[in-house]
Amino acid sequence: MVRNAARTATTRTVTDINRTAVLDALTAHGPLSRSDLRRVTGLSPATIDRLCAALLEEQLVVRAGVERSSGGRPSTLLRFAGERRVIVTVEVAAAGPRGMLMGLDGSRSDRRELPTPTGSDPNERLETLLTLIDDLLTSAKVAGRTCLGIAVVVPGVVDDRGRVSNSAELGWQQLDVGSIVGHRFGLPTLVENDANAIAFGEWAHGPGDGVQSLVALVLGVGVGAGIVSDGALVRGARSGAGEVGYLVTDRSAFGRVFARQGDLESRIGAVPARYTGPDAPTDAAGLLAAAAAGDPLATELAAELLDHLAFAVVALATVIDPAVVVLHGHLPADGDWVVRQLELRLAGRIPFPPTILRSGLGTDAALAGVGELMARRTKGSVYLA
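These lines cover the structure that appears in this document, whether it is placed above or below. (Residues numbered from 1 in each chain as written. Predicted model: local features only at pLDDT ≥ 70, side-chain atom pairs only at ≥ 80, totals over all residues. Heavy atoms only, no water.)

1. Regarding the packing of aromatic side chains
Then, number 1: Following the criterion strictly, the structure yields one aromatic pair and no others.
Then, number 2: Here the aromatic rings of F200 and W203 are separated by 5.3 Å at their centres, their planes lie at 45°, and the arrangement is tilted. Placement of both F200 and W203 in helix α6 (residues 194–205) is noted, with a separation of three residues, approximately one turn of the helix. With respect to burial, F200 and W203 carry one shared label: buried. (Phe/Tyr/Trp six-rings, centres within 6.5 Å; stacked < 30°, edge-to-face > 60°. Helix = DSSP H or I, 4+ residues; strand = E, 2+ residues; numbered from the N terminus. Buried < 20%, exposed > 50% of the residue type's maximum accessible area, 1.4 Å probe, protein only.)

2. Brief notes about the sheet that holds strand β7 (residues 157–158)
The pairing of strands in a sheet happens through backbone hydrogen bonds and is either parallel or antiparallel.
Then, number 1: Taken in spatial order, the three strands of this open sheet run β7-β8-β9, and their pairing is antiparallel. Only two strands of the sheet have a single partner each, and these edge strands are β7 and β9 (175–176).
Then, number 2: With two bridges joining them, strand β8 (residues 163–165) and β9 adopt antiparallel strand pairing. Bridge pairing in β9 places V164 opposite L175. (Pairing = 2+ DSSP bridges.)

3. Brief notes about the packing of helix α9 (residues 296–320) against helix α10 (residues 335–346)
Then, number 1: α10 packs onto α9 with a crossing angle of 65° between their chain directions and a minimal axis gap of 9 Å. Note on packing geometry: the crossing formed by α9 with α10 is right-handed. Of α10, the residues touching α9 (which contributes A303, L306, D307, L309, A310, V313 and V314) are W337, V338, Q341, L342, R345 and L346.
Then, number 2: Tallied by class, the residues present in the contact of α9 with α10 amount to ten nonpolar, one polar and two charged. (Axes fitted to C-alpha atoms, helices over the stretch in contact; angles between N-to-C directions. Left-handed = near helix turned anticlockwise from the far one by under 90°. Contact = heavy atoms within 4.5 Å. Nonpolar A, V, L, I, M, F, W, Y, C, P; charged D, E, K, R; others polar.)

4. A few points about the side chain of S165
Then, number 1: Within the secondary structure, S165 is located in strand β8.
Then, number 2: Excluding its chain neighbours within four sequence positions, the residues that come into contact with S165 are G156, V157, W172, Q173 and Q174.

5. Examining the sheet that holds strand β14 (residues 324–329)
Then, number 1: Strands sit in the order β13-β12-β11-β14-β15 across an open sheet of five strands; the sheet is mixed. Since the sheet does not close on itself, it has two edges, and those belong to β13 (232–233) and β15 (355–358), each with one partner.
Then, number 2: With seven bridges connecting them, strand β11 (residues 213–219) and strand β12 (residues 223–229) associate as antiparallel partners. By the bridge assignment for β12, V215 is matched with I227.

6. Points about helix α4 (residues 122–142)
Then, number 1: Taking 1.5 Å per residue, 21 residues should reach 30 Å; α4 reaches 31 Å between its end C-alpha atoms and fits that length.
Then, number 2: Every buried residue of α4 is accounted for by R125, L126, T128, L129, L130, L132, I133, L136, L137, S139 and A140.
Then, number 3: In this structure, the buried residues of α4 make contact with β3 (85–91), β4 (98–103), β5 (108–113), β6 (146–154), β9 and α5 (177–185).
Then, number 4: The N-cap of α4, judged by a side-chain oxygen 3.0 Å from the amide nitrogen of N123 a few residues on, is D121.
Then, number 5: The first or second residue beyond α4 is G144, which carries a positive phi of 70°. (Expected span 1.5 Å × (residues − 1). Polar contact = N/O pair within 3.5 Å; in protein donor to acceptor, adjacent residues only side chain to side chain.)

Have a look at this one:
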């Protein structure tokens, strides 16, 4: 009988691990001198010198001045040049796609958008997306920046292959966006649901930074939620986690069928249309803004809309128990008023009301979230080069 041979690390494996240690140290604590890197990583002077020379040549590390000296020769400071490695991030909406380049250091630049004419068909929307991605790739190439991947955000259900379904806003049904983009441009591609991307962005770069669990409640054409728990997205068995628009609000829902919108989502969408104030017709944000300003015609309708939103928060809080719920999407300028109204509805009704916050990233939340997800996926190919 042949026994399994003992596993041993090759020289290359050790080098890869040490590269990761150096770049992680620079990311977390940089800029650092070589002596600082030795102290933080525990690696020998010869190893640090060899790795830094290679990383400088690859332009993954750049010089960042010198360290003040108390007598000897001043030490050169090094930093991780995350801005030289970028992700193309694009968010697709009914009005058209918009995107930017996001560096591995979190920097955001080269913003672009391509408005889509009203009434555009699904194929036109896809071609516009591909055109915008091509523009951003060209921008990165001209600037001498290396693109590591493409990350796309869409409204709709997205499976783990990047196939989009149930996107009423775009008219995409069973469209394999991940494969189409990946084959067109020859780069790793990630496609993510908008609520998931928003939640991850708010958790990684927004007000949820540092909390164990977070939910983003997104009010847009419909209502949805993205869930982050222990630093990972909760997607569910069929990528349907967070579809709170399908929550049932009372027994009458069992006498109906819901082909495109669920019970809660259809009720939320119907409320603003009943507003007959001076600015009618309006959307949820306009209705809530009018109520916050004291418009008596809007007050009762806004209370109904807020009750429906509170149903969603209660369901998420009692099942997920998130530390934070971030509100995002079609909200009035006075978002704090909405927060207070929801807090009043939760108090005394659930055992552990979450902290409710307004979005900290605004319109950048989805792009920052999907960019961060892609950066984490590609980090190994950069560090373990």
